[in-house]
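Structural features, examined
Each chain, written out:
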Amino acid sequence: MGRADCPVGHVSTGVAMSEPHDDDGIVLTEAQKRARRSRSIAIALALAVLVILFYAMTLVKGPGVLIRPI
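Quick look at the structure, then.

About the thresholds
- Think of each chain on its own: its residues are numbered from 1, step by step along the sequence as written.
- With the structure being a predicted model, the display of local features is reserved for residues of pLDDT at least 70 and the display and counting of side-chain atom pairs for 80 or more, all residues being used for whole-chain, interface and lining totals.
- The side-chain figures draw on all heavy atoms in the structure; neither hydrogens nor water molecules are used.
- Elements are defined by DSSP. Helices are runs of H or I of four residues or more, strands are runs of E of two residues or more, and each kind is numbered from the N terminus.
- Buried, partly exposed and exposed residues are distinguished by accessible area as a fraction of the type maximum, computed with a 1.4 Å probe on protein chains only: under 20%, between the cut-offs, and over 50%, respectively.
- Residue burial considers only the protein chains on display, and all accessible areas are found by Shrake-Rupley using a 1.4 Å probe.
- Patches were defined on residues exceeding 30% relative accessible area and lacking a salt bridge, with like-charge contacts within 9 Å and nonpolar side-chain contacts (Val, Leu, Ile, Met, Phe, Trp, Tyr) within 5 Å.
- One speaks of a salt bridge when a side-chain nitrogen belonging to Lys or Arg is within 4 Å of a carboxyl oxygen belonging to Asp or Glu.
- A helix is expected to span 1.5 Å for every residue after the first.

**Section: the overall build of the protein**
Check the secondary structure of the protein and you find one helix and zero strands. With 70 residues in all, the protein has 0% of them scored as buried. Accessible surface computed for the protein: about 7200 Å², of which carbon and sulfur atoms make up 66%.

**Overview of a nonpolar patch on the surface**
Residues Leu 50, Leu 53, Phe 54 and Met 57 make up a contiguous nonpolar surface patch of roughly 390 Å² in combined accessible area. Residue placement: Phe 54 occurs in helix α1 (residues 30–61).

**Focus on the pattern of salt bridges**
Summed over the entire model, instances satisfying the criterion amount to one salt bridge. Linking Glu 30 and Lys 33 is a salt bridge whose minimum nitrogen-to-oxygen distance equals 3.8 Å. Of this pair, Glu 30 and Lys 33 both sit in helix α1, three residues apart, which is roughly one turn of the helix. Exposure remark for Glu 30: the relative accessible area of 51% places this residue in the exposed category. Given the relative accessible area of 39%, Lys 33 is considered partly exposed.

**Thoughts on α1**
In a regular helix each residue adds 1.5 Å, so 32 residues correspond to 46 Å; α1 covers 47 Å between its end C-alpha atoms and thus fits that length. Summarising burial for α1: zero of the 32 residues are buried, a small minority.

Following this line, the structure appears as structure tokens:
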């Protein structure tokens, strides 16, 4: 039970990645796909609003934001 029986880097070599799989995985219904798309759009819009808010605050504060006591 020494190092000889342990694969390099302690990585399991049981299944090769190139073997074909018969399993299709999880198949979503159309309603689930629409719900996921709606969530993705909502997240993207929220992120865009935050980016615009941070940009606007930077413009409002101007270069004075860099002039402060340390």
